[in-house]
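Per-entry structural report
The lines below spell out each chain.
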Amino acid sequence: PVGSDGVVSGSGSIDMKCDFSRINCDGSIKSKINAPKPVTKNGVTTVGGVLIVNKQFSLPEDYGSGLNRSAYSAYLTMKNESGYDMSIISGFRSYEKQKQVYSYWCGRDGEEAASRYSAKPGQSEHQSGLAMDITSLETSYGKTDEGKWLARNCWKYGFIIRYPKDSESVTGYIYEPWHVRYLGKSVAKMVHDSGLSLEEFLGVG
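What you are looking at is a predicted structure, and each value in this text was computed from that prediction instead of being measured. (Residues numbered from 1 in each chain as written. Predicted model: local features only at pLDDT ≥ 70, side-chain atom pairs only at ≥ 80, totals over all residues. Heavy atoms only, no water.)

**Looking at the overall build of the protein**
The helix and strand tally for the protein stands at 7 helices and 11 strands. For 205 residues, the compact-globule estimate of 2.2 N^0.38 gives 17 Å, and the protein sits close to it at 17 Å. Projecting the C-alpha coordinates of the protein onto the three principal axes gives extents of approximately 55 × 40 × 30 Å. By the burial criterion, 46% of the 205 residues in the protein qualify as buried. (Helix = DSSP H or I, 4+ residues; strand = E, 2+ residues; numbered from the N terminus. Rg over C-alpha atoms; globule rule 2.2 N^0.38 Å. Buried < 20%, exposed > 50% of the residue type's maximum accessible area, 1.4 Å probe, protein only.)

Given below as structure tokens:
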């Protein structure tokens, strides 16, 4: 049922038959959403039109050319309205750049440890142009006023905290309160309302 306040609720679930971009979620969806099956085209995998990049789904070496314009515009609005500095310390990274980054961390901490917080080339969301690291790379950032504001409000601007607490077994990465992923306002709101990680929401976790 859809309530007068625009809340979809119930004990059942909703089967998605189209891309998420065709839904304008102004209210809240409390029922479980069953996403479509992943589709891979030209080496790029989407679920309901949402790009998915992780240890299971990689990007081609030549994918990506910079930070997505919509994502950057949304970031600027979020930064301006937050009242915090909220600087981007890492945005787009090419396949080659990620190769260097991953190699550095493996050399410093060993591959097993590095793989918990750094992606192999082709498996980094930064290559998609839809991800940003904000202000700090310390987990303590999540306890700062800025970090708390980001966690509470980023979905309003189309972002999610991509690697939330206690989700490493699903996402493959440790808690990163600084790493946001742009999904667009409607999809970000649905993911936020679900309380799930992106993998769980898309049914690939």
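**Points about the sheet that holds strand E8 (residues 88–90)**
Ordered by their spatial adjacency, 4 strands build an open sheet running E8-E9-E11-E10, and the pairing between neighbours is antiparallel. Pairing within the sheet leaves two strands with one partner each, and these edge strands are E8 and strand E10 (159–163). Adjacent strand axes in the sheet meet at a mean angle of 50° when their direction is disregarded. In this sheet, strand E11 (residues 176–182) lies alongside strand E9 (residues 131–134) in antiparallel orientation, the contact comprising 3 bridges. Each bridged residue has a counterpart across the sheet, and for Met132 the counterpart in E11 is Val180. (Pairing = 2+ DSSP bridges. Axes fitted to C-alpha atoms, helices over the stretch in contact; angles between N-to-C directions.)

**Brief notes about the pairing of E10**
Counting buried residues along E10, 5 of its 5 residues qualify, which places the element largely inside the surrounding structure. Bridge count for E10 against E11 is 4 bridges, and the pairing is antiparallel. Bridge pairing in E11 places Ile161 opposite Val180.

**Examining helix H1 (residues 69–82)**
Taking 1.5 Å as the rise per residue, H1 with 14 residues should run 20 Å; its terminal C-alpha atoms sit 20 Å apart, in good agreement. Of the residues making up H1, those classed as buried are Ala71, Ala74, Tyr75, Met78 and Ser82. Buried positions in H1, seen along its axis, are confined to an arc of 105° and lie on one side of it. With respect to the buried face of H1, the exposed residues turned more than 90 degrees away are Arg69 and Asn80. Next to the buried residues of H1 lie E8, E9, helix H4 (145–153), E10 and E11. Residue Gly83 follows H1 closely and has a positive phi angle near 85°. (Expected span 1.5 Å × (residues − 1). Arc of directions from axis to C-beta. Contact = heavy atoms within 4.5 Å.)

**Some details on the side chain of Ser115**
Structurally, Ser115 can be placed in the loop between helix H3 (111–114) and E9. In this structure Ser115 comes out as buried when scored by relative accessible area, which is 14%. Contacts of Ser115, omitting those with residues within four sequence positions, involve Lys55, Tyr102, Gly172 and Tyr173.

**Here we look at the sheet that holds strand E6 (residues 44–47)**
Strand order across the open sheet formed by 3 strands is E5-E6-E7, with antiparallel pairing between neighbours. Looking at which strands have only one partner, the edges of the open sheet turn out to be strand E5 (39–41) and strand E7 (50–51). Pairing of E5 with E6 involves 3 bridges; the strand directions are antiparallel. Bridge pairing in E6 places Val39 opposite Thr46.

**Topic: the nonpolar core**
Counting 22 residues, the largest nonpolar core has Met78, Met132, Ile134, Leu150, Phe159 and Val180 as its most contacted members. Among the secondary structure elements, those contributing two or more residues to this core are H1, E9, H4, E10 and E11. For this core, the leading source of residues is H1, giving 4 residues. One finds Met16, Ile29, Val50 and Phe57 within the second-largest nonpolar core, a separate group that totals 20 residues. (Core = buried A, V, L, I, M, F, W, Y, C linked by side-chain atoms within 4.5 Å.)

**Comments concerning the packing of aromatic side chains**
Scanning the model with the defined rule gives 7 aromatic pairs in all. Aromatic pair Phe20 and Phe201: ring centres 5.4 Å apart, planes at 40°, arrangement tilted. One end of the pair, Phe20, is in the loop between strand E2 (13–15) and strand E3 (28–29); the other, Phe201, is in helix H7 (residues 198–202), and 181 residues separate them in sequence. Across this residue pair, the class does not change: Phe20 and Phe201 are buried. Aromatic side chains Tyr104 and Trp105 sit 4.9 Å apart centroid to centroid with 75° between the ring planes, which places their arrangement in the edge-to-face category. (Phe/Tyr/Trp six-rings, centres within 6.5 Å; stacked < 30°, edge-to-face > 60°.)

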